[in-house]
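Residues per chain are reported as follows:
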Amino acid sequence: MTKFERIDALGELRANVAVPFNQARAMPRNVYTSQEFLEVEIDKIFSKEWLCAGRASSLSKPGDYLTMEIAGYPIVVLRDAEKNLRAMSNVCLHRMSTLLQGSGNTRAIVCPYHAWTYNLDGTMRAAPGMTLNEAFCKHDYKLPAFRCEEWLGWIMVSIDKDVPPASEKLADLGRLVGHYGMENYVESFRETLRWNTNWKVLAENFMESYHVPVCHRNTIGSQVDLAEVECPSGTPTFNYHCALKSDEQYLALAHPNNTRLTGEERRKTYIITVYPGLFISLSPGYFWYLSLYPRAPGEVEVTYGGGLAPEFLEDPDSEKHFAALKVLIDDVNAEDKGCTEKVYRGLVGGLTQPGHLSHLERPNFEFANYILSKCDA
Ligand code: FES
Ligand SMILES: [Fe+2]
């Protein structure tokens, strides 16, 4: 992909969103397939925004950690001895080996190469065999920190030291769904997946329910009445739409002990996209989410997790309902994987420009505007 084509991709996106929503088309294909455009996105979006590392409840004990990578930086996110959440460079300060892998619990961070050892706050605990280097002082060494905040139970991490607090950027979303008490929902599963599609195809799939009756005809397709789907306007930091669940969906409805929600909200699911890469399906009784990071134009890494609202955690029937629900969400995700990978194959080989958007794809148009606003800045 040449520079000329990259400039073209941005220009095509500019033209794409320069029309009113009721005349809009899906984003042009170069925006999805260009390696150079992805590099712009990493630089201007993923290096600047808050990204989700998962749920704070999954790092509940001192020493619980997980690892991630943003814009090439290996990062460890952990709960320190004082129970603070921290995000730090996951690279040894000796000869730069990466430190921890995957997730788990540890009392200290021990480098797998020569065993330089760091405390959970990033300060150095010990470095064997260093006494004869007169210039070495362990107090000079501390793993660099990245921004890390807990917001409504989500661990948010950013490598941009100047990004405004997540709670401030997402204050409108906090007001919109605050009464669901999402901060008290507890994660019970977390998996890492790779899909062979562009990250924006996955994102756009999540933010519209237009595909549900067709792509999901073998699972939840008949449960969603598109006439009942609301697609209100979003904001510069998130978009959302809502669906009303039927009475058969036990966990989707508010538990009798849930006194936070009233009326229609007791069966309302919010389907929320927090830009750029956190997607939350929030029901009165449970939640599930995807948090993504692009690895290549046609490859995206996805953290997939979910769990129950607090009232259902205490309900003895919940376990069997949730086990059945997990099977269903897995099947739904497999269908989404199939549909979004088909889209990417079509984008790579497509000869025509993408078609017009349905009124049910308002969030997609807002997302296209978001991408342009960041990449064109
Ligand atoms: S690279 Fe970590 S101890 Fe040597
Ligand atoms: Fe779907």
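Model, not experiment: these values are computed from the prediction.

**Here's the deal with the coordination of the iron ion (ligand 2)**
The protein atoms that coordinate the iron ion (ligand 2) are H211 (NE2), H216 (NE2), D336 (OD) and D336 (OD), at distances spanning 2.0 to 2.6 Å. The sequence pattern formed by the donor residues of the iron ion (ligand 2) is H-x4-H-x119-D. Of this pair, H216 sits in the loop between α7 (212-215) and β12 (238-244) while D336 sits in helix α9 (residues 318-349), and the two are 120 residues apart along the sequence. You can call H216 buried: its relative accessible area is 1%.

**Here's the deal with helix α3 (residues 35-46)**
Along α3, the positions that sit buried rather than exposed are E36, F37, L38, V40, E41, I42, I45 and F46. Sitting at the head of α3, S34 places a side-chain oxygen 3.2 Å from the backbone nitrogen of E36.

**A closer look at the packing of helix α6 (residues 199-206) against helix α10 (residues 362-375)**
In the contact formed by α6 and α10, the axes pass within 9 Å of each other and the chain directions differ by 145 degrees. For the crossing formed where α6 meets α10, the hand is right-handed. Here W199, K200, A203 and E204 of α6 lie close against α10, whose contacting residues are N364, F367 and I371. For the contact of α6 with α10, a count of residues per class yields four nonpolar, one polar and two charged.

**A look at the domain arrangement of the chain**
We note that the domain assignment places domain 1 (3-47 + 170-375) and domain 2 (51-164) within the chain. Centre-to-centre separation of domain 1 and domain 2, based on C-alpha positions: 30 Å. Interface of domain 1 and domain 2: buried area, both sides summed, is about 1,600 Å²; carbon and sulfur atoms make up 64% of it. Broken down residue by residue, the surface that domain 1 buries against domain 2 is led by S47, E183 and R190, which jointly contribute 25%. The partner of E69 in a salt bridge is R295, with the nearest N and O atoms 3.7 Å apart.

**Observations regarding the packing of aromatic side chains**
Throughout the structure, instances matching the rule amount to 24 aromatic pairs. Where F46 meets Y293, the ring centres are 5.3 Å apart and the plane angle is 70 degrees; that geometry is what we call edge-to-face. Of this pair, F46 sits in helix α3 while Y293 sits in strand β15 (residues 286-296), and the two are 247 residues apart along the sequence. Here F46 falls in the buried class, since its relative accessible area comes to 0%. For Y293, a relative accessible area of 8% gives the class buried.

**Some words on the nonpolar core**
In terms of nonpolar packing, the biggest core is built from 68 residues, with L13, V77, I155, V157, Y286, F367 and I371 touching the most fellow members. If you tally residues by element for this core, the top one is α10, at seven residues. Split by domain, the residues of this core number at least three in each of domain 1 (3-47 + 170-375) and domain 2 (51-164). For L13, the contacting residues outside a window of four places in its chain are M27, P28, V31, F37, A368, I371 and L372. Core analysis: the next-biggest nonpolar cluster, separate from the first, contains 27 residues, M156, C242, L282 and F287 among them.

**Looking at the environment of P112**
The topology assignment puts P112 in the loop between β6 (109-110) and β7 (117-118). Expressed as a C-alpha distance, the spacing of P112 and L99, which sit 13 residues apart in the sequence, is 6.5 Å. Setting aside residues up to four positions removed in sequence, P112 forms contacts with S97, T98 and L99.

**Regarding the pairing of strand β1 (residues 51-55)**
Among the five residues in β1, five count as buried, and that is most of the element. As defined by bridge partners, β1 adjoins strand β10 (residues 154-158) across four bridges and the pair is classed as antiparallel. If you follow L51 over to β10, its bridge partner there is V157.

**Thoughts on the sheet that holds strand β8 (residues 124-126)**
Strand order in the open sheet made by the three strands is β6-β7-β8, with antiparallel pairing throughout. Every other strand in the sheet has two partners, leaving β6 and β8 as the edge strands with one partner each. As paired elements, β6 and β7 share two bridges and run antiparallel to each other. Residue pairing across strands places I109 opposite Y118, the latter belonging to β7.

**Some thoughts on the sheet that holds strand β16 (residues 299-308)**
Strand order in the open sheet made by the six strands is β11-β16-β15-β14-β13-β12, with antiparallel pairing throughout. Sheet topology places β11 (186-195) and β12 at the edges, where each strand pairs with a single neighbour. Between one strand axis and the next, the sheet turns by 15 degrees as a mean value, whatever way the strands run. As paired elements, β12 and strand β13 (residues 268-274) share seven bridges and run antiparallel to each other.

**A word on the packing of α6 against α9**
Following both chains from N to C, one finds α6 and α9 inclined at 130 degrees, their axes separated by 10 Å at the closest point. When the axes of α6 and α9 are compared, the pair comes out oblique. Considering the relative orientation of α6 and α9, their crossing is right-handed. Touching V201, L202 and N205 of α6 are D336, T340, V343 and L347, all from α9. Looking at the contact of α6 with α9, its residues break down into four nonpolar, two polar and one charged.

Reading the values: rules and limits
- Residues numbered from 1 in each chain as written.
- Chains lettered and ligands numbered in written order.
- Predicted model: local features only at pLDDT ≥ 70, side-chain atom pairs only at ≥ 80, totals over all residues.
- Heavy atoms only, no water.
- Donors = N, O, S within 2.8 Å, 3.2 Å for Na, K, Ca; no water.
- Helix = DSSP H or I, 4+ residues; strand = E, 2+ residues; numbered from the N terminus.
- Buried < 20%, exposed > 50% of the residue type's maximum accessible area, 1.4 Å probe, protein only.
- Polar contact = N/O pair within 3.5 Å; in protein donor to acceptor, adjacent residues only side chain to side chain.
- Axes fitted to C-alpha atoms, helices over the stretch in contact; angles between N-to-C directions.
- Left-handed = near helix turned anticlockwise from the far one by under 90°.
- Contact = heavy atoms within 4.5 Å.
- Nonpolar A, V, L, I, M, F, W, Y, C, P; charged D, E, K, R; others polar.
- Domains from an automatic or database assignment.
- Buried area = accessible area lost by both parts, 1.4 Å probe.
- Salt bridge = Lys/Arg side-chain N within 4 Å of Asp/Glu carboxyl O.
- Phe/Tyr/Trp six-rings, centres within 6.5 Å; stacked < 30°, edge-to-face > 60°.
- Core = buried A, V, L, I, M, F, W, Y, C linked by side-chain atoms within 4.5 Å.
- Pairing = 2+ DSSP bridges.
- Parallel < 35°, antiparallel > 145°, perpendicular 65-115°, else oblique.

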